[in-house]
Amino acid sequence: MIELDDIDRRLLLLLSEDATRSAGQLGRMVGLSQPAAWRRVQRLYQSGAIRGRRLDLDAEKLGFGVTVFLGVKLATKGRVSLDDFERILGAIPEVQRVEHVLGLYDYRLRVVARDLADFERVLRRRIMALPGVGSVEANVMLSEERLSGPL
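Since the structure is predicted, the reported quantities are computational estimates derived from the model, not experimental observations.

Caption draft 1: The arrangement of the packing of helix α1 (residues 6-17) against helix α3 (residues 34-47) in detail. Two elements in contact, α1 and α3, have axes separated by 11 Å at closest approach and are oriented at 80 degrees. With respect to α3, the axis of α1 lies roughly perpendicular. Across the interface between the two elements, I7, D8, L11, L12 and L15 from α1 touch R40, V41, R43 and L44 from α3. Tallied by class, the residues present in the contact of α1 with α3 amount to six nonpolar, no polar and three charged.

Caption draft 2: Spatial organisation of the nonpolar core. Of all hydrophobic cores here, the largest spans 20 residues; its most connected members are L70, V72, F85, L109, V111, F119 and I127. Listing elements by their share of this core, those giving two or more residues are β1 (66-74), α4 (82-90), β3 (107-113) and α5 (116-127). Per element, the largest residue contribution to this core is five residues, and it comes from β1. Among residues more than four places away in sequence, those in contact with L109 are V68, F69, L70, V72, L89, R97 and V98. Of all hydrophobic cores here, the second largest spans nine residues; its members include L12, L26, V41 and I50.

Caption draft 3: A look at the side chain of D8. Assignment of secondary structure puts D8 in helix α1. A polar side-chain atom of D8 sits 2.9 Å from a polar atom in the side chain of R40. When residues no more than four places from it in sequence are discounted, the contact partners of D8 are E3, R40, R43 and L44.

Caption draft 4: Up close: helix α2 (residues 23-30). The set of residues buried in α2 consists of A23, G24, L26, G27 and V30. Angular distribution of buried residues about the axis of α2 spans 160 degrees; they occupy a single face of the element. Among the residues trailing α2, G31 stands out with phi positive, at a value near 80 degrees.

Caption draft 5: Inspection of the pattern of salt bridges at higher detail. Counted under the stated rule, the structure contains 13 salt bridges. With a closest N to O distance of 3.3 Å, E144 and R110 form a salt bridge. Of the two residues, E144 is situated in the segment after β4 (133-140) and R110 in strand β3; the sequence distance between them amounts to 34 residues. Judged by its relative accessible area of 38%, E144 is partly exposed. Residue classification places R110 among the partly exposed residues on the basis of a relative accessible area of 21%.

What counts as what
Residues numbered from 1 in each chain as written. Predicted model: local features only at pLDDT ≥ 70, side-chain atom pairs only at ≥ 80, totals over all residues. Heavy atoms only, no water. Axes fitted to C-alpha atoms, helices over the stretch in contact; angles between N-to-C directions. Helix = DSSP H or I, 4+ residues; strand = E, 2+ residues; numbered from the N terminus. Parallel < 35°, antiparallel > 145°, perpendicular 65-115°, else oblique. Contact = heavy atoms within 4.5 Å. Nonpolar A, V, L, I, M, F, W, Y, C, P; charged D, E, K, R; others polar. Core = buried A, V, L, I, M, F, W, Y, C linked by side-chain atoms within 4.5 Å. Buried < 20%, exposed > 50% of the residue type's maximum accessible area, 1.4 Å probe, protein only. Polar contact = N/O pair within 3.5 Å; in protein donor to acceptor, adjacent residues only side chain to side chain. Arc of directions from axis to C-beta. Salt bridge = Lys/Arg side-chain N within 4 Å of Asp/Glu carboxyl O.

This is the structure:
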């Protein structure tokens, strides 16, 4: 775990709001010079506190109007290796997120599809056909609220 001071926390908040901000902009916003802000941000990257930058795409505007969360319970017989199962899931483009969880299900998946018919195709042909899948429960996302800021 990295030690963070108030300036580090402020930098993380500012970058979480807009990861394209330059070191100069960040420095002005937190009261540091551009080189000092750059060094701090680099330290946050090197420590692993910042893992990278990502685009926040609007799935609906890109033609994916349905998001479904799947709870997947693996079958107890003929158990497939978890690494193999996760690797196979990673090859399905509609599966946006794979979370190995503890509880009622073994995995929680975030799946996007163009519409419900497309989701049914993905579910039947790609997910239910995977070796080791025992049962699946689907929850269709109605809306999503995003919380701003880092942890």
